[in-house]
Amino acid sequence: MTDWRSIFGHDEPYDEQVDGIETAIDTARDGGYTVIEGACGTGKTMIALTAGIDLVRDPDTDYERVFVLTSVKQQLRQFEADLETINENLPDEAKPVSGLTLVGKADVCPYNREGVAGIDDGNVYDRCETLRDRTRDLTGEGGETTAGSLVDRARSQQIGLADSGGRGGGARFLETAGEPTSYPPQLPEYSDGGPVDAATEYCPFYAQYLEDLPEEGSDGDAAEAVPYDFTEAGMITPEDLVARSAAHGTCPHSVMGAVLGHVEIVLGNYYHAFDPRTTGSFTGALLDDSTFVVCDEAHMLEPRVRDLVSDGVADATLRDAETELSRVIQPLKFEREGRSAQGGSKTADADLVRAELNDSDVSFEELNRTLEFVRDLRTELDRRVTAHLDRQYGAWESDLTDLRDEEIPLREPSQPAEDELTEWAREAGYGDADWVRAEAVGAVVERVLNEAEDEDRTRAAPAVGRVLGEWYRRDHTDYFREIELERTWDDTEPADSWRRAYNARLAVHNCVPSDAIGERLAAFGGGILMSATLEPLEAFTEVTGLEYIEREADRPVVERRYGLHFPEENRESFAVAAPKFTYDNRGRPGDDNATRTQYVDAITKVGGLPGNVLVGMPSYAEADWIADCLERRLEKPVLLDAASDDETTQSLKREFFDGDGKVLVTSLRGTLTEGVDYSGDRLAAAVVCGVPIVNTSSPRTKAVRRAYDDAFGGVPDGRSGSKPGASASGVGFTYALTIPAVRKARQAIGRVIRSPDDVGVRVLLDERYARDSWDSVRPYLPDDGEFQPVSPDMLELGLDRFRDQLEST
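Report follows, based on the coordinates. Worth saying up front: this structure is predicted, and the values here are computed from it rather than measured.

### A look at the overall build of the chain
Helix and strand content of the chain: 31 helices and 23 strands. Scaling as 2.2 N^0.38, a compact globule of 809 residues should have a C-alpha radius of gyration of about 28 Å, and the chain matches this with 30 Å. C-alpha atoms of the chain, sized along the principal axes, occupy 90 × 75 × 60 Å. Scored against the burial criterion, the 809 residues of the chain give a buried share of 53%. In the chain, 76% of the contacts between residues at least 6 apart in sequence involve partners at least 24 apart. In the chain, 86 positive and 157 negative side-chain charges are present, and the distance between their average locations comes to 5 Å.

### So, the environment of Glu470
With respect to the secondary-structure elements, Glu470 resides in helix H20 (residues 460-473). In this structure, the C-alpha to C-alpha distance between Glu470 and Thr379, residues 91 residues apart in sequence, is 21 Å. In contact with Glu470, other than residues within four places in its own chain, are Asp311 and Arg481. At a separation of 3.1 Å, a polar atom in the side chain of Glu470 contacts the side chain of Arg473.

### Quick notes on helix H27 (residues 646-657)
Helix length check: H27, at 12 residues, gives a terminal C-alpha distance of 17 Å against a target of 16 Å (1.5 Å per residue), a fit within 8%. Those residues of H27 lying buried are Thr649, Leu652, Lys653 and Phe656. Down the axis of H27, the buried set is contained in an arc of 100°. They therefore lie on one face. Those residues of H27 hidden inside the fold are in contact with helix H3 (73-88), strand E18 (613-617), strand E19 (638-640) and strand E20 (663-667).

### What about helix H25 (residues 594-607)?
The end-to-end C-alpha separation of H25 is 20 Å, in line with the 20 Å expected for 14 residues at 1.5 Å each. Taken residue by residue, H25 has Thr595, Arg596, Tyr599, Val600, Ala602, Ile603, Thr604, Val606 and Gly607 as its buried positions. Sitting at the amino-terminal end of H25 is Asn593, which places a side-chain oxygen 3.3 Å from the backbone nitrogen of Thr595.

### Considering the state of the cysteines
Within this structure, the stated rule accounts for zero disulfides. In this structure Cys295 is a free cysteine whose sulfur lies 18 Å from that of Cys40, the closest cysteine sulfur available. Residue classification places Cys295 among the buried residues on the basis of a relative accessible area of 0%. Between Cys689, a cysteine without a disulfide, and Cys629, which holds the nearest cysteine sulfur, the sulfur-to-sulfur distance is 11 Å. For Cys689, a relative accessible area of 0% corresponds to the buried category.

### With respect to the packing of helix H14 (residues 315-337) against helix H19 (residues 438-453)
For the pair H14 and H19, interaxial distance at closest approach is 10 Å and the crossing angle is 70°. Relative to H19, the element H14 lies roughly perpendicular. The hand of the H14/H19 crossing is left-handed. From H14, Glu324, Leu325, Arg327 and Val328 reach across to H19, where they touch Val441, Val445, Val448, Leu449 and Glu453. Tallied by class, the residues present in the contact of H14 with H19 amount to six nonpolar, no polar and three charged.

### Re the side chain of Lys44
Here Lys44 shows up in helix H2 (residues 44-57). Buried charge without a salt bridge: Lys44, with Asp296 as the nearest opposite-charge side chain at an N-O distance of 6.3 Å. Each residue touching Lys44, except ones within four places of it in the same chain, is listed here: Ile36, Gly38, Ala39, Met530, Ser531 and Ala532.

### What to know about the environment of Asp681
Summarising the element assignment, Asp681 is placed in the loop between E20 and strand E21 (685-689). A C-alpha to C-alpha distance of 9.4 Å links Asp681 and Asp757, two positions 76 residues apart in sequence.

### Topic: the packing of aromatic side chains
The description of an aromatic ring pair rests on the distance of the ring centres and on the angle between the ring planes. Within the structure shown, the criterion is met by 16 aromatic pairs. Between Tyr111 and Phe205, the aromatic rings sit 5.6 Å apart at their centres with planes inclined by 80°, giving edge-to-face as the arrangement. Of this pair, Tyr111 sits in helix H5 (residues 110-114) while Phe205 is found in helix H8 (residues 204-212), placing the two residues 94 residues apart along the sequence. Note on Tyr111: relative accessible area 2%, which makes it buried. A ring pair is formed by Phe373 and Tyr430, whose centres lie 4.6 Å apart and whose planes are at 25°; its orientation type is stacked.

### What about unusual backbone geometry?
In this chain, Glu535 is followed by Pro536 through a cis amide linkage whose omega measures -5°. Along the polypeptide, Pro536 turns up in the loop between strand E15 (526-531) and helix H22 (537-543). In this structure, Ala117 takes a positive phi of about 65° despite not being glycine. Locating Ala117 in the fold gives a position in the loop between H5 and helix H6 (124-139). Positive phi outside glycine occurs at Asp554, with the angle close to 55°. For Asp554, the position within the fold is in the loop between helix H23 (546-552) and strand E16 (557-562). For Asp554, a relative accessible area of 67% corresponds to the exposed category.

### Quick word on the sheet that holds strand E17 (residues 571-576)
Strand order across the open sheet formed by seven strands is E19-E20-E18-E21-E22-E17-E23, with parallel pairing between neighbours. Both edges of this open sheet fall to E19 and strand E23 (788-790), since each of them pairs with a single strand only. For this sheet the average axis-to-axis angle between neighbouring strands, irrespective of direction, equals 20°. Of the pairings in the sheet, the one linking E17 to E23 comprises three bridges and is parallel in character. Across the sheet, the residue bridging to Val576 is Val790, located in E23. On top of the sheet, H25 reaches E18, E20, E21 and strand E22 (760-765); it is set at about 165° to E21, its chief contact.

### A short note on the nonpolar core
For soluble globular proteins, nonpolar side chains are generally found buried alongside one another. Judged by nonpolar contacts, the single largest core of 70 residues is most densely connected at Phe67, Tyr111, Phe274, Cys295, Leu521, Leu529 and Leu546. For this core, the element with the most residues is H8, which contributes five residues. Core analysis: the next-biggest nonpolar cluster, separate from the first, contains 52 residues, Leu352, Val362, Ala461 and Leu506 among them.

### A word on the pattern of salt bridges
By the definition in use, this model includes 61 salt bridges. Measuring nitrogen to oxygen at the nearest pair gives 3.1 Å for the salt bridge that ties Lys744 to Glu674. Residue Lys744 is found in helix H29 (residues 731-749), and its partner Glu674 is found in the loop between E20 and E21; the two are separated by 70 residues along the sequence. Glu674 carries the same exposure label as Lys744, and that label is buried.

Criteria and thresholds
Residues numbered from 1 in each chain as written. Predicted model: local features only at pLDDT ≥ 70, side-chain atom pairs only at ≥ 80, totals over all residues. Heavy atoms only, no water. Helix = DSSP H or I, 4+ residues; strand = E, 2+ residues; numbered from the N terminus. Rg over C-alpha atoms; globule rule 2.2 N^0.38 Å. Buried < 20%, exposed > 50% of the residue type's maximum accessible area, 1.4 Å probe, protein only. Contact = heavy atoms within 4.5 Å. Lys, Arg positive; Asp, Glu negative; His and termini not counted. Charge placed at Lys NZ, Arg CZ, Asp CG, Glu CD. Polar contact = N/O pair within 3.5 Å; in protein donor to acceptor, adjacent residues only side chain to side chain. Expected span 1.5 Å × (residues − 1). Arc of directions from axis to C-beta. Disulfide = S-S within 2.5 Å. Axes fitted to C-alpha atoms, helices over the stretch in contact; angles between N-to-C directions. Parallel < 35°, antiparallel > 145°, perpendicular 65-115°, else oblique. Left-handed = near helix turned anticlockwise from the far one by under 90°. Nonpolar A, V, L, I, M, F, W, Y, C, P; charged D, E, K, R; others polar. Salt bridge = Lys/Arg side-chain N within 4 Å of Asp/Glu carboxyl O. Phe/Tyr/Trp six-rings, centres within 6.5 Å; stacked < 30°, edge-to-face > 60°. Pairing = 2+ DSSP bridges. Core = buried A, V, L, I, M, F, W, Y, C linked by side-chain atoms within 4.5 Å.

See below:
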């Protein structure tokens, strides 16, 4: 058994950290999970890393690695920083803890990073796969050359450019992550001396990686191709990985994959553990009982995984699949009819198609049948979208700019039943085999086209086949099927077509992802799930499948709650009994009524405090309204966050932090209320307006609510459910809507106090936070009595008292 204190990165742990680390270690030794709700500043990151590293380095356990998952990029940076702190403070005789952060190909491909060789974010995955395949074909068994020769050729092409006097007479090398490579900025080509147009583009970085791999049949491991000693390198960030790989001339993404199973700490996103396609192609080796998993920001685990294990296919993908199927069918069809395809003989293509069909269990008739199915499916999709828009908008073709995002449910959301599209297919003569066999047909189409074009591209037919198979297999209680319409603009479509204004998508949503989460967690040896906002923990363990792991697998699940342990005199917390900020009370943004007047007055009082103030509203529309009101009533600057790209959001954040005090107004469903560091004097107060429950009229939300009622024992007719804490609306409403909304609010106010020296005010503005009632959310606040219920009239008095108290100390 090791001494975890020699791993801990600071001189003295908090009492909560001691308890958390020792609980996590003991629980994981028994194959269990520790669930931690710890207030901001608890040091949860250091708890998780210390416990995990101790288990990995203990020779008496079977743990080989720690796999950290988070949905917030800033939290990845925090784990990187804490691991570096641990390494800096290890005993002299101890090896540094090896770590790696997982990112996508777009982040590490040298060509994509520098925007050269025609590779960009839109095509990097397809281009990468094609170039890898070509490089392997050139160097593999029966290939024309060797990987080492391809590397030398790439370097000589660059030298040749310099010798020719081109580009100013000097060689121009591709440079990335501050490191020059020995390759040109453009992709090199291989030719065996034949025609120039027969030259084959390849990737020199991947060729170098292949050259560095141990010989096939040897006892070597892919890790031998890593161009640095990862056992001594400590924490390798994506930028470090690219720099070290580029300097050696090897492929950063391949190096990432080679080292993946060998480092002690792997940092990634939820999709690295829960997305079926990612785990199938990249991270599957980590998903076993030798891994100690850490789910950070675990309050987001349920909604994130719900998205990852749901599926769908766009109208444009159906269109492309129809084209791909036609291209594969055409050669054989024309051959049977004694015709030649336009543009010349297709005999070779017919042979290729025939060979692929012979190597598979797919028949030519099934290709035709799938084409007919996809074509009719698009026609039915068009009919349903048109009918929906006719009902909603009338003469919508005359002005497409007024259309909004829409959901078209394919069954009554609150009543599980077969969906209308499945019913249509049956009545149109399409049976079980047509849904199920589409996946095998799609795989054949992909192989034929990639072979014919000598290019590995992402094809539409496999995706369509996968979704049709899922559509058929999934039940109608836990899964909800609908058509989603997302606003866009496509000038290539006819002026009166809905396709000009919308992206349409057939979607099958997993409403209750607890089984998917629980099954994945059960595959790991043990771990920690942690966040500042998990309460009520009973509900959390149910919706994440942990209850099943404890009950059925007899593995321990231990809960820990750690509140704020910083000086109480440095903070003031109010739950203000203002009228409920519901649509019935407030009306539309801009309406003049008593409810909105009270909210403007209260938020103005908080916004007038010295320093920076964060205002969280239920939506961006409400944020726009309150920002306009505050600009007229406050002397300090008011900044408004809107739904935008990451660069714009980061710029707004920097503006907020710089200079004198300001008010930042945002939506509680945005990115500025979670995972952002407002420590020190960056934030003096935060006010949350209303309970940010998502749109309850959405068909998908109704379906999730009903599915939760069925899964967790709610009563759908409105009577109080049987679960602890269930509201009169039933367990489905409580678990699926109320609890996530309160967690959003708690995340926002948690931005204020982050360290022992932070001073600030936290305000929850809505009587549901302040009073016990049928729809009260007060039971879901921390049970520490910090949030004092006050009337709107008493808020100003409380703020003044806190300010006077600070000035007197």
